[in-house]
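Coordinate inspection notes
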Amino acid sequence: MHLAYPAVLAVLLFCVGLYGVLARRNAILVLISVELMLNAVNLNLVAFDVWLRDELHAGQALTLFTIAIAAAEIGIGLAIVLLVYRNGGTADVDKLRDLSERADAPKGAAGSDEQDEQDEKAEAAA
Amino acid sequence: MTLAAAGPGFLSPTGVEIAFLLVGIATLGAALVAVTTKQLVHAALWLVVALGGLAVEYLLLTAEFIAWVQVLIYVGSVVVLLLFGLMLTKAPIGRSPDADSGNRWAALAVAVASAAALVWVVVDAFRTTWIDLDGVVQGSTKVSGQYLFRHWVLPFEALSVLLLAALVGAIVLSRHKDGRAGAAGPADPAGPADPAGPAGPAGSAGGSDSRQNGAR
Amino acid sequence: MTITTTAVLVPLLPFLGAVAGLLLGRRAPGFVRPLAVLPTAAAAVLAAVVAWRQGGGDAVDAATRLTPTGSVPIDLALHLDGFAALVAVLVTVVASCVQLYSTGYLRDDPRYPSYAALVSLFTSAMLLVVYSGDLMVLLVGWEIMGICSYFLVGHYWETEAARAASLKAFLVTKAGDVPFLIGIFALAADAGTFRISGIVDAAASGGLDHPTLVALLLIAGVAGKSAQFPLHTWLPDAMAGPTPVSALIHAATMVAAGVYFVARLLPVFAASAAAMVVLAALAAITMVGSALAALAQDDIKRVLAYSTVGQLGYMTGALAAGDRGAAVFHLLSHGAFKALLFLCAGVIIHTAGTNSLAAMARMRGLWGRAPDAFWTMTVALLALAAIPPFSGFFSKEAVLGAAEHAATGHTDGIPAAAGWTVLVAGLLTALLTAGYATRLWLLAGSPALLRGGRKGPALSAADQVRPGPPPSDSATAATGPSAGPAASSAGPAAPSAGPAAPSAGPAAPSADPAAAGDHAPISAGASAGASADHAAGAADPTTGPSGPSAAPPAPALEPASAPASHPARTPVVMNAVLWVLFVPTLALGLAVAALPDWFDGRSLKPTLSTSIIGTGFALVGVLVTYAAWRHTSTLAARVPLGAVAADPDGDPAVSEAEAIATHRSAYGSIAGAPDPADPGRLLLGPLHRHAAAGFHLDALYAAVFVRPVRAAARLVRFLDREVVDAYVGGASGVPRLLGAAVRRAQTGNVQTYLSALLAGSVILAVAAVLVATGG
């Protein structure tokens, strides 16, 4: 099998997830998009592992670890989203604007906003 | 490993390739729908389709253990978690017109640009690379167990600690604080802070109740 | 104590006093006066001890080197010869007198502590100059004196005149100090040392390469410090400072520093005949010009200031004639009688409430109210006019004798032209000096004696003019606020004014409070320059110089009644000091036989020919001036003029500051007054107008130096505002606009941030790939 097939599929999946992360309002949908991006990476790992026939099977092992970490991430992320929702009454990402220059951002979710935003940045970077 | 330029061309695909291509198209389509649909719960369900498609792709790449793990963890637990999350945040059932933010055109531009760049690079780099799927099996449960517990024991154990920490963290985060347990009840105090919010829970006894999932 | 230790203590004591005064001035006001007077007095005693032990013998040299200073070493060196010892005695004695006088003169001044400390510091610096045997150390004292002079002249900084004068004094002397510094360096480079003794040796052995250049550069600094033409213009203006400062700095010591410096380095100057001729020419111009200017001044202190310039010209002339003994002798006697004159002037200004001679000439009873001042001033003026047997006669004759000596070619190395220049100018100046001294005495002191006692007609003329329109409207209205309290206090005192002023009888009944006031305008018809706003601003007499009261232009002529007499108002200490200085003024001439032992050994005794000619010139000056005054004094009653500061209970210094501040508005000029009764006006004729303005030298400087500098400053300001500021504004404006734009991007929406971040990443990645593949 050509390596280009899984690689291109991974790229496209990743970009779809990217679009979701950037475009979705609901925080849980953002998490769904993050999952898509993670899976695109997993596909890449598996495909390259199979292609390279690595002795240690590093690609597959890492895929397993990524899956586990993704599960943990989704748990933590959902907990944070729930907290944000409880504090601010909304789970919309673009409503959480406490860091904006203008003072018209909602003040409700003061405490956990920053965590949330930082968290999302970390996720996106992952 | 074959870096062979003499590999088979794209115009005469093997059966595995055809299967991979078809399943890949389905997966991609499901993913696209998942990130564009206006119905939030449907997004989660389309995610199931996409993840399942990916599991099939793993199988086609002979990584069968990972495929089953994918089905177990993602389809079995993660999606369920997401659905619970949607319900707990009183996500509306049915079409919600504002599922996408005003950022979507910028997001689209970025996504298309990165897709174009990455596809170009990847295709340019791996145009002629051929994966030899025959030969020794690589992803069976037996092989996976061997390499996992022979070479990757320490990260595996570290990962268990990570999972424990995530478990504890999730519990701590989602727990009602004692001091404000009363205030954070059904009449959420944050409601007045954002009375205009479309998903605002201010009227928890009002119209949004009817759209609530009973699981709450 | 060795003589060296004693000599070191002499400058050190006033310095420590100054430091202690500055440190303790605010916290312990009780210590300020002792700290001001005692160190200076102790220094005077020690200086006398030094002089006695030095005894005119060989010079005592002592030096210590603190640190190596490169190619030309700088030593802390003492050089004690007869000149240094005697000048130090003069400095310390005058400084002690001035410090004592200041305790009375500035008794209520809030800035007295800093004033006294500065005077002490100044004294210390002058003593450093006198004792120093090293040019660099001398320069330190020289510059400290300059800055102290700046601060002290500006003591009444509330007045515009004092501010301008202090700046002018500083800048003009600095203009001389720059070439002076260069000259010192050139001198040290030629001689290889900063030690004065070494330099003098080098000069004597012809070791100087550029004697003329060095001498001319040094002369510039000397002209600045000693107020010689053309850098003398700061000295008359510096009279805006307090009178004791004028006495100490601008008569007895600082201005003498230049002369003393030339005396110390005379061999250097003598090495260049051209320099001596220049020095003689400067001295001659200075002498004659300043004497003419002095004849036209209205401010009593400015008369004395120009007189100081002229007497310093004598000293410079003596130096140009190659006789430093005569120069320093005249320095000593002049220091004594000129300090006395200034201190007298301070008392008189306080008593009269004005510094204008024109106003004093219309007051009666001044003499009776300040008898000590007038008696001592009479003697000091006689000394100034070089009438035998007072001290000034002997010293001036020594100068003239030296000039004659040089003119007849008896002095080695001195061109006869220099001698002749000095001699002729000196004789002419003797005439003029006697003239302005007589004028000063007649205008300030005489009316009470002569006109009040003997000259009935003038008095009656004044009385006849008086019953004009009653002045109660305008005068009362204008001076009312300030004269009010004075009137109440003067009420009971008015009867006692009878004996002091015989004519007070008819004046006393006047119900006008302004007339009965202690400092009421004697003659209210001031020139139109006495604008009403000045008088109207005089609301509160206790606010010091800010509330002066110039007499308003009033149609009425007040009777020349003496204000109510307060004999005890002049502090006793001020009068006592006058008598202390009276002694050397009277008797310093007796030292003429002993002084040559202290100096170079050349006889200072007056020669017969110059004595007769000089004294004759002086007597002619006196008589001519007296005749002119007889001719003009009757006009005084007819032309009303004058204004006084109505602040009877303040410090003496307050009266003076007010008088200075109001002189221009009352008389139209800081220097002159439109007084037809002035004998100087008659004597000078058409020259009077120019002489009053100092021969327009200030205007010339303003046109040549000040205006171009101001124009350049305006240009620079324009460039700064319009060009530089535009760039600065642009440099700040563009980032501000950018900042506003960037701020707009801070929406708080994380997804926007993330989009931008990823877009940037994509662009970077594509660029990297392109570079990698393309390269």
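Residues numbered from 1 in each chain as written. Chains lettered and ligands numbered in written order. Predicted model: local features only at pLDDT ≥ 70, side-chain atom pairs only at ≥ 80, totals over all residues.

Regarding the overall build of chain C
Summing up its helical and strand segments, chain C has 35 helices and 2 strands in all. The buried share among the 775 residues of chain C stands at 61%. (Helix = DSSP H or I, 4+ residues; strand = E, 2+ residues; numbered from the N terminus. Buried ≥ 20, exposed ≤ 12 C-beta atoms within 10 Å, placed from the backbone.)

Observations concerning the overall build of chain B
Scanning chain B from terminus to terminus reveals 7 helices and 0 strands. Secondary structure of chain B in N-to-C order comes out as α-α-α-α-α-α-α. Burial status across chain B gives 31% buried among its 216 residues. Of the contacts made within chain B by residues no fewer than 6 positions apart, 63% connect residues no fewer than 24 positions apart. (Contact = placed C-beta atoms within 7 Å.)

A short note on the nonpolar core
In this structure, C:V87, C:A88, C:A339, C:L340, C:L343, C:C344 and C:I348 are the most contacted members of the largest nonpolar core, which totals 235 residues. For this core, the element with the highest residue contribution is helix α15 (residues 324-352) of chain C, accounting for 19 residues. Non-local contacts of C:A88, meaning those with residues more than four positions away in its chain, are made with C:V10, C:A47, C:V50, C:L127, C:V130 and C:Y131. With 92 residues, the next largest nonpolar core counts A:M1, A:L9, B:A34 and B:A63 among its residues. (Core = buried A, V, L, I, M, F, W, Y, C linked by C-beta atoms within 7 Å.)

So, the UniProt feature "transmembrane region" (unreviewed entry) in chain B
All names here are of chain B. Following the UniProt record, the feature "transmembrane region" (unreviewed entry) maps to residues 18-36, 43-61, 67-93, 105-123 and 152-173 here. Within the segment residues 18-36, helix and strand shares are 100% and 0% respectively, and the terminal C-alpha atoms sit 27 Å apart. Taken as a whole, residues 67-93 contains 81% helix and 0% strand, while its terminal C-alpha atoms sit 31 Å from one another. (UniProt positions renumbered as here; feature names shortened; annotations may be inferred.)

Concerning the interface of chain B and chain A
Counting from both sides, the interface comprises 87 residues of chain B and, opposite them, 71 residues of chain A. At the level of secondary structure, the elements contributing two or more residues to the side of chain B that touches chain A comprise α1 (15-36), α2 (40-60), α3 (64-88), α4 (104-126), α5 (141-151) and α6 (153-174) of chain B. If you tally residues by element for the side of chain B that touches chain A, the top one is α4(B), at 12 residues. Here the residues of the side of chain B that touches chain A are counted per class, giving 59 nonpolar, 20 polar and 8 charged. (Nonpolar A, V, L, I, M, F, W, Y, C, P; charged D, E, K, R; others polar.)

What about the environment of C:G694?
Residue and element names in this part refer to chain C. Along the chain, G694 falls in the loop between α33 (687-692) and α34 (697-745). Here G694 falls in the buried class, since 25 other C-beta atoms lie within 10 Å of it. On a C-alpha basis, the gap between G694 and S290 in space is 7.7 Å, while along the polypeptide they are 404 residues apart.

What to know about the confidence of the model for chain B
Residues and elements named next belong to chain B. On average, chain B scores 78 in pLDDT, and the residues at 70 or more come to 78%. Here helix α7 (residues 208-211) is the element of chain B with the lowest mean pLDDT, 38, and α1 is the one with the highest, 92. In this model residues 1-5 is a low-confidence stretch, pLDDT under 50, and it forms 9 contacts with partners more than four residues away in sequence or in other chains. Note that pLDDT drops below 50 for residues 181-216; the model gives that stretch 58 contacts with residues more than four away or on any other chain. (pLDDT = per-residue confidence, 0-100.)

Observations regarding the packing of α2(B) against α3(B)
Residue and element names in this part refer to chain B. Where α2 contacts α3, the axes come no closer than 8 Å and their chain directions differ by 175 degrees. Relative to α3, α2 is oriented roughly antiparallel. Contact with α2, carried on its side by L40, V41, A44, L47, V48, L51, G52, L54, A55, Y58 and L59, involves E64, I66, A67, Q70, V71, Y74, V75, V79, L82, L83 and L86 of α3 and no other residues of that element. Classifying every residue of the contact of α2 with α3 gives 19 nonpolar, 2 polar and 1 charged. (Axes fitted to C-alpha atoms, helices over the stretch in contact; angles between N-to-C directions. Parallel < 35°, antiparallel > 145°, perpendicular 65-115°, else oblique.)

Thoughts on unusual backbone geometry
With an omega of 5 degrees, the peptide bond between C:F229 and C:P230 qualifies as cis. Positionally, C:P230 belongs in the loop between α8 (211-225) and α9 (234-237). At A:R53, a residue that is not glycine, the phi angle is positive and equals roughly 50 degrees. For A:R53, a count of 13 C-beta atoms within 10 Å gives the class partly exposed.

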